[in-house]
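Structural characterization, general
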Amino acid sequence: MVQPRAVVTVGGTVEGQVSVETRPTRRLGSAGAYPGRTVTVASTAGGSELANVVVFVDLSTSIAAPPSQATVRQTNEVFVPRVTPVTVGTTIDFPNDDGIFHNVFSLSRGATFDLGRYPRGESKGRRFDSPGIVKVFCHLHSHMTALVRVFSHPYFTQPDAAGRFALPRVPAGRYRVVAWHERVGEVAHEALVADGGSVSLNFSLPLTDTP
């Protein structure tokens, strides 16, 4: 069994900006005999969609990273946050803040589990040991969904409310750097990282809204 390499303390920084561009469809009326038409109007999405973006270095090998503790709350019949990136071995707590019972379960290949029903004020947790995307649901409320992205390395982050991100101490080398959104998929750029250097990347994610 190949042991994962230790996290390096040198390397370079991959930083930059993420924007989420919405493309809502809009029906235009007509005052004459011709029918209206549907057009696409581009605009910049708010910080709520930026919070659902994960930026990461696409690595084919594992690099050891310490597990952490994360929390996904059940509040007003919504999982908050909707998207949570973690390292392998991290335990996520799912506290119930609502005055009703909730349930947390997943049928994803990387993590199949069912935490059962529990009331307000209680919390249950699950450890995530396999890299990949885990979709989380509530048996009692079908509209409640969340995603956990589990990484086998520490080189991932989420942009701040202004779209800025930084990945420090990335080992020197040439990489594919990805910005991911569940409704867009992956947008990728190549980056050549040097020890002590910095690489700047800009990502624009096209998000189509349903009118």
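It should be emphasised that the depicted structure is a prediction, and the values quoted were computed from it without experimental measurement. (Residues numbered from 1 in each chain as written. Predicted model: local features only at pLDDT ≥ 70, side-chain atom pairs only at ≥ 80, totals over all residues. Heavy atoms only, no water.)

**Concerning the layout of surface pockets**
Where empty space is left can be seen by rolling a probe of water-molecule size over the atoms. Our working definition: With a 1 Å grid laid over protein atoms only, a set of points is called a cavity when a 1.4 Å probe fits there but cannot get out and a pocket when it is open yet has protein on both sides within 12 Å along at least five of seven lines; lining residues have an atom within 4 Å of a point. Grid points are joined across faces, edges and corners, and a volume is the space filled by probe spheres set on the points. Residues are grouped as follows: Ala, Val, Leu, Ile, Met, Phe, Trp, Tyr, Cys and Pro are nonpolar; Asp, Glu, Lys and Arg are charged; all remaining types, including Gly, are polar.
Taken as a whole, the largest pocket spans an internal volume of roughly 180 Å³. Along its surface, the largest pocket is lined by 17 residues, and Asp58, Leu59, Phe151, Ser152 and His153 are the ones closest to its centre. Its residues placed into classes, the lining of the largest pocket shows seven nonpolar, six polar and four charged.

**Comments concerning the sheet that holds strand S19 (residues 185-193)**
The criterion, for reference: Any two strands with at least two DSSP bridges between them are considered paired. Each helix is a run of H or I in the DSSP string that is no shorter than four residues. Each strand is a run of E no shorter than two, and both are numbered from the N terminus.
If you walk across this open sheet you meet the four strands as S16-S5-S18-S19, and the pairing is antiparallel. Strands with a single pairing partner mark the edges of an open sheet, and in this sheet they are strand S16 (156-157) and S19. Where strand S5 (residues 53-58) and S16 come together, two bridges link them in antiparallel fashion. Residue Val55 lies in a different strand from S16, and its bridge partner there is Thr157.

**A word on the pattern of salt bridges**
Two side chains of opposite charge can pair, provided their charged atoms sit close to one another. Note the threshold: Basic side-chain nitrogens of Lys or Arg form a salt bridge, by our definition, when they fall within 4 Å of a carboxyl oxygen of Asp or Glu. Each residue gets one of three labels from its accessible area relative to the maximum for its type: buried under 20%, exposed over 50%, partly exposed in between, using a 1.4 Å probe on protein chains only.
Across all of its chains, the model carries seven salt bridges by this definition. As a salt-bridge pair, Arg176 and Asp58 come within 2.7 Å of each other at their nearest N and O atoms. Placement of the pair is Arg176 in strand S18 (residues 173-181) and Asp58 in strand S5, with a sequence separation of 118 residues. By relative accessible area, Arg176 is classed as partly exposed at 31%. Since its relative accessible area comes to 35%, Asp58 is described here as partly exposed. When the shortest N-O distance is used, the salt bridge between Arg127 and Asp129 registers 2.6 Å.

**Thoughts on the environment of Val170**
Going by this rule: Any pair of residues with heavy atoms lying within 4.5 Å of one another is described as a contacting pair.
With respect to the helices and strands, the residue Val170 is situated in strand S17 (residues 164-170). For Val170, a relative accessible area of 1% translates into the label buried. C-alpha of Val170 to C-alpha of Gly196: the two residues are 26 residues apart in sequence and 9.8 Å apart in space. Not counting residues within four places of it along the chain, the set of residues in contact with Val170 comprises Val10, Gly11, Gly12, Val14, Val57, Tyr155, Tyr175 and Val193.

**Re the sheet that holds strand S6 (residues 69-71)**
Going by this rule: To obtain each axis, a line is fitted to C-alpha atoms, and for helices this fit is confined to the stretch in contact; angles are then taken between N-to-C directions over 0 to 180 degrees.
Spatially, S6-S10-S13 is the arrangement adopted by the three strands of the open sheet, whose pairing is mixed. Where the open sheet ends on each side, the last strands, each with one partner, are S6 and strand S13 (123-128). Averaged over all adjacent pairs, the angle separating strand axes in this sheet is 25°, with direction ignored. Direction of pairing for strand S10 (residues 90-95) relative to S13: antiparallel, over a ladder of six bridges. The residue bridging Thr91 from the neighbouring strand is Arg127, located in S13.

**Topic: the side chain of His141**
Counted only if it meets this: N or O atoms closer than or at 3.5 Å make up a polar contact, with two conditions inside protein: a donor-capable atom paired with an acceptor-capable one, and, for residues adjacent in sequence, both atoms drawn from side chains.
In this fold, His141 is placed in the loop between strand S14 (132-137) and strand S15 (145-151). In this structure His141 comes out as buried when scored by relative accessible area, which is 14%. Within the local environment of His141, its side chain forms a polar contact with the side chain of His102, the two groups lying 3.2 Å apart. Sequence-distant contacts of His141, that is, excluding residues within four places in its chain, are made with Glu77, Ile100, Phe101 and His102.

**Some points on the pairing of S15**
Within S15, six of the seven residues are buried, which leaves it mostly tucked inside the rest of the structure. Summarising the sheet, strand S9 (residues 83-87) and S15 pair through five bridges and their orientation is parallel. When the bridges of S15 are listed, Thr84 appears paired with Val148. Pairing of S14 with S15 involves six bridges; the strand directions are antiparallel. Across the sheet, residue Val134 finds its bridge partner in S15, namely Val148.

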